[in-house]
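Tertiary structure, described
Listed below are the residues making up each chain.
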Amino acid sequence: MKKRLVIFASGNGTNTQNIINYFATSQSVEVVCVLSNKKDAKVLERAKTSHIKALSFSKTEMVSPDGLVNELKSLAPDLIILAGFLLKFPEIILREFQDKVINIHPALLPKYGGKGMYGKHVHEAIVANKEPETGITIHYVNEKYDDGAIIFQTKTEVLPDDSANVVASKVHKLEHEWFPKIIEEVLNKSQKTLNE
């Protein structure tokens, strides 16, 4: 039985595409569904092009006991991936899928985390504060923004004349290199725990 991934994303979906591509030929892992809170998000088109189920949902469905939770139960994911998902993830889903939801954040948490800290806002803050380095954090999701246990971090240098766009591209490179690998590691670890 292949391990099942469900991905939540809000926008363009380059990280989602990268994950789909990474596992496309895997014998042990498959992306079974991509979900977005935006009907017109490009990520849904990407999923459909890759012949993966693509669904959008409303905020009401997201927090309703018989909405998204039921859909997710029917999908039976081994891991739920947040890849550029901009809403606070609802407790109702976290309770049902405890320790099965992971997120990627474009900074070295606990720095530059919390409400409003996403995408270009993070990179602009890094540049404004003349940080010598930034990076990515992959972490478990809990009921607070960017607060769950850290699984993995890696860094990149920020040069004095780097713009926010340059920093963004350095961070994207790290995201694309590491996110699928770490997802695979998390799945393998949970498999080992089951076998022990």
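Residues numbered from 1 in each chain as written. Predicted model: local features only at pLDDT ≥ 70, side-chain atom pairs only at ≥ 80, totals over all residues. Heavy atoms only, no water.

**Quick notes on the side chain of Thr-16**
We count it as follows: Helix numbering and strand numbering both begin at the N terminus, where a helix is a DSSP run of H or I of at least 4 residues and a strand a DSSP run of E of at least 2. Buried, partly exposed and exposed residues are distinguished by accessible area as a fraction of the type maximum, computed with a 1.4 Å probe on protein chains only: under 20%, between the cut-offs, and over 50%, respectively. In what follows, residue pairs with any heavy atoms lying within 4.5 Å of each other are defined as contacts.
Structurally, Thr-16 is set in helix H1 (residues 14-23). By relative accessible area, Thr-16 is classed as buried at 1%. Excluding residues within four positions of it along the chain, Thr-16 makes contact with Ile-7, Ala-9, Val-34, Val-43 and Ala-83.

**Quick word on the sheet that holds strand E5 (residues 101-105)**
Keep this limit in mind: Following DSSP output, two strands are said to pair if at least two bridges run between them. Axes here refer to lines fitted to C-alpha atoms; in helices the fit is confined to the stretch in contact. Angles between the N-to-C directions go from 0 to 180 degrees.
Sheet architecture is open: seven strands sit in the order E3-E2-E1-E4-E5-E6-E7, paired in mixed fashion. What marks the edges here is a single partner per strand, and that holds for strand E3 (53-56) and strand E7 (150-157). Neighbour to neighbour, the strand axes of the sheet diverge by 20 degrees on average, direction disregarded. Packed on one face of the sheet, helix H2 (residues 42-49) meets strand E2 (29-36) and E3 and runs near 160 degrees to E3.

**Examining the nonpolar core**
Operational definition: Residues grouped as a nonpolar core are buried Ala, Val, Leu, Ile, Met, Phe, Trp, Tyr and Cys residues, joined through side-chain atoms within 4.5 Å.
Judged by nonpolar contacts, the single largest core of 37 residues is most densely connected at Leu-5, Ile-19, Ile-81, Phe-179 and Ile-183. By residue number, the principal contributor to this core is helix H7 (residues 164-195), which donates eight residues. Not counting residues within four places of it along the chain, the set of residues in contact with Ile-81 comprises Leu-5, Val-6, Ile-7, Phe-8, Ile-19, Ile-102, Phe-179 and Ile-183. In this structure, Phe-8, Met-62, Val-69 and Ile-92 belong to the second largest nonpolar core, which totals 22 residues.

**Observations regarding helix H4 (residues 68-75)**
What counts is decided by this rule: Arc definition: directions from the helix axis to the C-beta atoms.
Burial in H4 covers these residues: Leu-68, Val-69, Leu-72 and Leu-75. Down the axis of H4, the smallest arc covering the buried residues is 120 degrees, so these residues share one side. Those residues of H4 hidden inside the fold are in contact with strand E1 (3-8), E2, E3, helix H3 (59-63), strand E4 (79-82) and helix H5 (91-96). Looking one or two residues past H4, Ala-76 carries a phi angle of roughly 50 degrees, positive in sign.

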